[in-house]
Amino acid sequence: HMDHWGPLIHITSYPTRSKAQPIMIEGRASLTAATVALVVALESYVSHDSAIAGDEHLSETGRSTIHTSSRLQRDILLCMSRQRMFLPLWTLLQAVLCHAIPANWFRRFWQWAMGKTMQGPKLRKLYMEQQVRTFLQKQHAKAQVLILAAGYDTMAYRLAHEYPDVNFVEVDHPSTGATKIEMFQRYFAHKRRAIGDELHFPGNLYFCHIKLGGDAPTTLKGALTEGYMIHHLPSPSRTASQMVQSSSNQVFHANTPTMVVMEGLSFYLSEEENRSIFEQIDSVVGCPGTVMAFDYFHLDEYKRPQTKDTKKTLTALGSTFLKYKVKLFGEPFVWGTDPKELPGFFRGTNWRLMKNAETVQEAGLLSSTTFDCGPQSTSLQLGIEYEATVAWDSKKDQ
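Residues numbered from 1 in each chain as written. Predicted model: local features only at pLDDT ≥ 70, side-chain atom pairs only at ≥ 80, totals over all residues. Heavy atoms only, no water.

A. How the structure looks around the overall build of the protein chain. Counting secondary structure elements, the protein chain contains 11 helices and 10 strands. Sequence-distant contacts, at least 24 apart, represent 78% of the contacts inside the protein chain between residues at least 6 apart. Summed over its atoms, the accessible surface of the protein chain is roughly 16900 Å², and 53% of this surface lies on carbon and sulfur atoms. (Helix = DSSP H or I, 4+ residues; strand = E, 2+ residues; numbered from the N terminus. Contact = heavy atoms within 4.5 Å. Areas by Shrake-Rupley, 256 points an atom, 1.4 Å probe, with all protein chains shown as cover.)

This is the structure in structure tokens:
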């Protein structure tokens, strides 16, 4: 039954973010999250044997991982309600994913127009999943996974099935989180009607709906330690107030080795807000074994993402377009740092930088035993983002 989806953490109150730097338009699901999900979903229309978009450097295992996640991403996006999304973007999603516009044509056009902004999302997601899998292989006996600003990503849903003894907690904006839940409801109902397939929602996957960022330094910490858990997702005929609730600290355990994923978030927060998130994570699950993977931009003076290829015309145009697109969506880029300066960001904290990657090789996507990635390449960039991983270490780097 749709009543019994599995647990959900829901925060009933949260501080508001300063209007001077709105991270999202109030009451509307993230348009950037939908755009990233569309880019990932487009991969589902590419054959495993395809070498377009630079996939030739990945092994069959790595490409299969992307293909599997992108197919699920596509199926869930198709279940998005038009009431939940900016109508022009929803129309584009439906037109492309339903083949009203040939998806492969649109994908090639996007690749041509946006350059590395097309390549980045799938590679950063592969990087994040690799970090999670590596962590769980080492800490499976006692571990938990926390995903900040999860958007419409499907990693937690897929891995929660593989690791039933590990709790996965997704944190996201209330509007985006509600949209994702509704999409899953529609997806499950569609599968049941179409093929009679009763999908099993993992009982170890939880959702936490709060606003990240803002003036209150305990927003995330309070959500994880003092929030409320909803055990059953409501059917469309029921209201949220009818859900069964209990304390979230029954799900998320302090001082337990935790894999934290912060994908596609750091550049929408100020430097102070990013520092606050790392401090809050430290105060809640700061213990040996805790690891945090995240991505970030190196923004130029015009708040455009830049890489070594920024001087190339198409890359520069793509970065400029991306800057104004997210600004139009009400989610402007705020913070970025030069990769060389990232170690200084963590100086004096309990976080030790383990990996700061610009290329696929530096990210470990070519040599990972998990993905069995193939030929070495020292120059193939991840996209316009940089990937990094830090580990909790009580010895502060002064």
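B. A look at the nonpolar core. If you look at the biggest cluster of nonpolar residues, it comprises 62 residues, and the most contacted ones within it are Met85, Leu136, Tyr152 and Phe168. With eight residues, the top contributor of residues to this core is helix 1 (residues 31–42). Every residue in contact with Phe168, bar those within four places of it in the chain, is listed here: Leu136, Val145, Ala156, Leu159, Ala160, Tyr163, Asn204, Leu205 and Tyr206. Counting 35 residues, the second-largest nonpolar core is a separate cluster that includes Val169, Ile210, Leu224 and Ile277. (Core = buried A, V, L, I, M, F, W, Y, C linked by side-chain atoms within 4.5 Å. Buried < 20%, exposed > 50% of the residue type's maximum accessible area, 1.4 Å probe, protein only.)

C. Fine view of the packing of aromatic side chains. Counted under the stated rule, the structure contains 18 aromatic pairs. Ring plane angle 40 degrees and centroid distance 5.1 Å describe the contact between Tyr157 and Phe184, whose orientation is recorded as tilted. A residue pair is termed long-range when its members are at least 10 positions apart, and Tyr157 in helix 6 (residues 155–162) and Phe184 in helix 7 (residues 174–195) qualify at 27 residues. Looking at Tyr157, the relative accessible area reads 9%, which means it is buried. Assessed through its relative accessible area of 1%, Phe184 is described here as buried. Centre to centre, the rings of Phe267 and Phe333 are 5.9 Å apart; their planes meet at 90 degrees, and the pair counts as edge-to-face. Pair noted here: Phe267 is in the loop between strand 7 (258–262) and helix 9 (271–285) and Phe333 is in the loop between helix 10 (313–328) and helix 11 (342–345), with a separation of 66 residues, a long-range link. For Phe333, a relative accessible area of 8% corresponds to the buried category. An aromatic cluster is defined as three or more aromatic residues linked by ring pairs; in this entry it consists of Phe278, Phe294, Tyr296, Trp335, Phe345, Phe346, Trp351 and Tyr386. (Phe/Tyr/Trp six-rings, centres within 6.5 Å; stacked < 30°, edge-to-face > 60°.)

D. Molecular detail of the pattern of salt bridges. Within the structure shown, the criterion is met by 13 salt bridges. Where Asp295 meets Arg124, a salt bridge forms, and the shortest distance between an N and an O atom there is 3.5 Å. Linking Asp295 in strand 8 (residues 291–296) with Arg124 in helix 5 (residues 116–139), this pair joins segments that are 171 residues apart in sequence. A salt bridge links Lys125 to Glu263, with the shortest nitrogen-to-oxygen separation between them at 2.9 Å. (Salt bridge = Lys/Arg side-chain N within 4 Å of Asp/Glu carboxyl O.)

E. Structural context of the pairing of strand 7. Most of strand 7 sits out of view: five of its five residues are buried. Burial along strand 7 is two-sided: Thr258, Val260 and Met262 facing one way and Met259 and Val261 facing the other are all buried. Across five bridges, the pairing between strand 2 (residues 144–148) and strand 7 is parallel. Across the sheet, the residue bridging to Ile147 is Val261, located in strand 7. (Pairing = 2+ DSSP bridges.)

F. Examining helix 3 (residues 87–97) more closely. Every buried residue belonging to helix 3 is among Leu89, Trp90, Leu93, Gln94, Ala95, Val96 and Leu97, and all of these are buried. His99 sits one or two positions beyond helix 3 and adopts a positive phi of about 70 degrees.

G. Representation of the confidence of the model for the protein chain in the model. Across the protein chain, the average pLDDT comes to 75, with 71% of residues at or above 70. Averaged pLDDT values for the elements of the protein chain fall to 39 in strand 1 (residues 8–10) and rise to 97 in strand 7. Taken as a whole, residues 48–54 scores under 50 in pLDDT and shows 17 contacts with residues more than four places along the chain or in a different chain. (pLDDT = per-residue confidence, 0-100.)

H. Representation of unusual backbone geometry within the structure. Positioned with a positive phi, Ala149 is a non-glycine residue whose angle comes to about 55 degrees. Inspection of the secondary structure assignment puts Ala149 in the loop between strand 2 and helix 6. Overall, the relative accessible area of 19% leaves Ala149 in the buried class. Here the phi dihedral of Asn255 falls at roughly 60 degrees; this positive angle occurs in a residue that is not glycine. Positionally, Asn255 belongs in the loop between strand 6 (245–247) and strand 7.

I. Expanded view of the packing of helix 1 against helix 3. Two elements in contact, helix 1 and helix 3, have axes whose closest approach is 11 Å; the angle formed by their N-to-C orientations is 10 degrees. By the angle between their directions, the pair helix 1 and helix 3 is classed as roughly parallel. On helix 3, the residues that touch Leu31, Ala34, Thr35, Leu38, Ala41 and Leu42 of helix 1 are Leu89, Leu92, Leu93, Val96 and Leu97. Residues belonging to the contact of helix 1 with helix 3 are distributed by class as follows: 10 nonpolar, one polar and no charged. (Axes fitted to C-alpha atoms, helices over the stretch in contact; angles between N-to-C directions. Parallel < 35°, antiparallel > 145°, perpendicular 65-115°, else oblique. Nonpolar A, V, L, I, M, F, W, Y, C, P; charged D, E, K, R; others polar.)

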